[in-house]
Protein chains: 2
Amino acid sequence: MAAARTTGPRPAGRRPTIVDVARRAAVSPAAVSKVLRNAYGVSPSMRERVETAVSELGYRPMVSAQSMRTGTRTLGVSSLDPRNPFIPMLLDGVAREARRSAFSALITLTDADGATQLEAARSMVDRQVDGLILITPTMSEDDLVQLAAEVPLVLLGRHGAHPAFDSVASDDALGAALTVDHLVSRGHRRIAFHTQPTRSGGLPEEFREAGYREAVRRHGLQADVVVGEWSAEGGRRLVDELLGRPTPPTAVHAGADMVALAVLDRLLERGGRAPDDLAVAGCDGVPAAALRAVSLTTVDQQAAEMGGLAARLLVERLAGRAEPRHVLVPPQLVVRATT
Amino acid sequence: MAAARTTGPRPAGRRPTIVDVARRAAVSPAAVSKVLRNAYGVSPSMRERVETAVSELGYRPMVSAQSMRTGTRTLGVSSLDPRNPFIPMLLDGVAREARRSAFSALITLTDADGATQLEAARSMVDRQVDGLILITPTMSEDDLVQLAAEVPLVLLGRHGAHPAFDSVASDDALGAALTVDHLVSRGHRRIAFHTQPTRSGGLPEEFREAGYREAVRRHGLQADVVVGEWSAEGGRRLVDELLGRPTPPTAVHAGADMVALAVLDRLLERGGRAPDDLAVAGCDGVPAAALRAVSLTTVDQQAAEMGGLAARLLVERLAGRAEPRHVLVPPQLVVRATT
DNA sequence: CTGAAAGCGCTAACAT
DNA sequence: ATGTTAGCGCTTTCAG
């Protein structure tokens, strides 16, 4: 089966090991190891013979065996459901940066439940990843600190002031403030905000709401926070709840684009239109928002940059940095037709 | 640091090993191993003591060490860029089924280039995954066969008749035929099809084009295939090329939703509208197509089912199935406003 | 039913 | 500059 590799003592099916290479190059296994890691003290002639044997046998080191003595040059990424298009933008940023740094990024999908996320993270640690990037983890800070004691950790999309790990988050408060400012400049006075119940400290919804509250206060307006669910269904319900009031707000800022898109959809379904019946602004900057048919005003969180930064922080940390870094990425308001 | 685990001889920082557990339970490491894998021949009393020690120490086996003797219960998934929303639907199906089967799914992101994909796959094999799921791999069949000789393999989104691996694909020809039938039933006679140059045998575009050609022939119409690029830019160019003709087609079927969405967008930009100026049908069934503001007719490929099926086939194979399975999933036409 | 010992593929001292 | 020798943490014969 498969392309017949030269001769060699490969008993058809067994993967060649470092011993096979050593035998074929007539050197010791240790020598092969040295060549492969280009460690100090190998003669050109030996390097040559080893490299020949390696390519003739198609030898590839077994990472799990290496990992018993060294690292794996692998970053573990725990990700939320990528069907929320915000996630793939983060992942793309991480993967791109990992490639640049000659690390592999291994992604595992998990849901929003803290216990499941913790288990997913541990499972990657069991597999000897060198470090971990956790996307908006909802577990307790205690759990995070304990995890960070086992492996270098970067939080992506969660604000963290803790010295045990690094973090990259969007400046969520700023994003909400920019949105409110914009809506006010368009003449809106009754501006609602939609969020979800936060399950842990440091998550975006907390800072977005704070930013919103501070901004409306600054403009002398009254806060109007609707707590629902960050889902399509949550967005639909939001429209009905808002427009069902005696005096509905004239604008709403949803804490996530998935919600804002559903708001737009429900609005259309009811025969309404944004911004006339209700101005709508989202948050995330997902690609669908940019479609002309949708044209949703949103807060671009610079997801790719955030992901890349998270990977870079982790790589730096693995390279020896000791002081924690907590970065806030400034978001950008993208004004479109729905406001 | 971290929650003080009882006492135990853990020298603060070192992860507990099977030897630590054995010592604490006053049994041999072999016994611990047996309990953990609930192998034959362990007394209830020993099981009890070992389990206590395990939880007291917070012991977790190191997968790389296990993997020197056994498998890892890990499925490797090589995925294309998930910013194409079709991909996350596949991944979700895979992840869900993996969880059901008590396997971990580890995902690595790669681009459409065959050599890069092969390297990504090999890299997962180096990490001792038990099997591999490759999403629309563009590498040569030779490469695939060689890979399949090293590890059980399932192609997802590539038609394969080869006995060396399993495959799950959408019945792409049927999807294109359904679309053409629908367009004809709406009175269209000049129906264009947009595809991209295929880089390897077995990829969807090949079968979609064949299905399209066969369908128009059946209806006594003339085939009109435009070869471009499956990207937003490709979609925009497609509109200009089509509407720039002396006698433009009245409908176009794009081989991917990403293209169809861009077609809609460019159409709007030119002041046109679907279906009046050009009927548009896509293929994939991405969520954005379902938004009322977009309402794109498309071929739902049942991505989640495809992904789940791929994972199930791989798990079956790992459980010992020897005969190859090649499954074609029937797609479903979802008619919306753009046609 | 239980434990001692060998070894999986690799790297890191420690010789030479 | 090269090779020898111990392990890394785990599983697996094979004795008892």
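Per-chain numbering applies: the sequence of each chain, read as written, is numbered from 1 onward. Written order determines the labels here, with chains lettered from A and ligands numbered from 1. The predicted nature of this model means local features are confined to residues of pLDDT at least 70 and side-chain atom pairs, given and counted, to a pLDDT of 80 or more, with totals for whole chains, interfaces and linings taken over all residues. Water and hydrogen atoms play no part in the side-chain values, which are based on all heavy atoms of the structure.

Per an unreviewed UniProt entry, chain A goes by the name LacI family transcriptional regulator and belongs to Microlunatus capsulatus.

1. A few points about the relation of the copies chain B and chain A
By a simple turn and slide, chain B fits onto chain A: the slide is 0.0 Å along the axis, the RMSD is 0.1 Å, and the turn is 180 degrees. Such a combination of turn and shift is consistent with a two-fold rotation axis. Contact between two residues is taken to exist if any of their heavy atoms lie within 4.5 Å; hydrogens are not considered. When the interface residues of chain B are mapped onto chain A, 100% of them again fall at the interface, so both copies present the same face. The least-squares superposition of copies is restricted to C-alpha atoms, and to residues with a pLDDT of at least 70 in both copies.

2. So, the protein's contact with DNA strand D
Inspection of the region around DNA strand D gives 24 residues, with Ser 43 and Arg 69 of chain A together with Ile 18, Arg 37 and Tyr 59 of chain B positioned closest. What qualifies as a polar contact is a pair of N or O atoms within 3.5 Å, subject to a donor-acceptor requirement within protein and to the restriction that residues adjacent in sequence count only when both atoms come from side chains. Contact between DNA strand D and Arg 37 of chain B: a phosphate oxygen at 2.7 Å from a side-chain N or O atom of the residue. Taking Met 62 of chain B, its main chain carries an N or O atom lying 3.1 Å from a phosphate oxygen of DNA strand D. Contributing elements (two or more residues each) for the surface near DNA strand D: α2 (29-36) of chain A together with α2 (29-36) and α4 (63-66) of chain B. Strands here mean DSSP runs of E at least two residues long; helices mean DSSP runs of H or I at least four residues long; both are numbered from the N terminus. By residue number, the principal contributor to the surface near DNA strand D is α2 of chain A, which donates 3 residues. In this text, near means that some heavy atom of the residue lies within 4 Å of the molecule or strand in question.

3. Quick look at unusual backbone geometry
Backbone phi values are negative for most residues with the exception of glycine, while trans is the configuration of most peptide bonds. Residue and element names in this part refer to chain A. Each neighbour pair has its own omega, and for Ala 274 with Pro 275 the value is 5 degrees, a cis peptide bond. Mapping Pro 275 onto the fold places it in the loop between α11 (257-269) and β9 (279-281). With a phi angle near 50 degrees, Arg 73 is a residue other than glycine that sits in the positive phi range. Within the element layout of this structure, Arg 73 appears in the loop between α4 (63-66) and β1 (74-79). With a phi angle near 30 degrees, Thr 136 is a residue other than glycine that sits in the positive phi range.

4. Digging into the confidence of the model for chain A
Confidence of the prediction at every residue is given by pLDDT, a number between 0 and 100. Across chain A, pLDDT averages 94, with 96% of residues at or above 70. In the predicted structure, residues 1-12 of chain A sits below a pLDDT of 50 and forms 17 contacts with residues beyond four places in sequence or in another chain.

5. Some remarks on the interface of chain B and chain A
You'll often see interface size given as the accessible area lost when the parts meet. At the junction of the two partners, chain B supplies 54 residues and chain A supplies 54 residues. When the buried surface of chain B facing chain A is broken down by residue, Arg 60, Arg 127 and Arg 292 of chain B rank first, second and third, together holding 15% of it. A carboxyl oxygen of Asp or Glu within 4 Å of a side-chain nitrogen of Lys or Arg is what we treat as a salt bridge. In this structure, the connection of chain B to chain A is made through 12 salt bridges. The partner of Glu 269 of chain A in a salt bridge is Arg 292 of chain B, and the shortest N-O contact between them spans 3.1 Å. Looking at the side of chain B that touches chain A, the elements with two or more residues in it are α4, α5 (86-100), β2 (104-109), α6 (114-126), α7 (141-150) and α11 (257-269) of chain B. Three classes are used, and their members are as follows: Ala, Val, Leu, Ile, Met, Phe, Trp, Tyr, Cys and Pro are nonpolar, Asp, Glu, Lys and Arg are charged, and the others, Gly among them, are polar. Tallied by class, residues from the side of chain B that touches chain A come to 27 nonpolar, 10 polar and 17 charged. Summed over both partners, the accessible surface that disappears when two parts come together, traced with a 1.4 Å probe, is what is meant by buried area.

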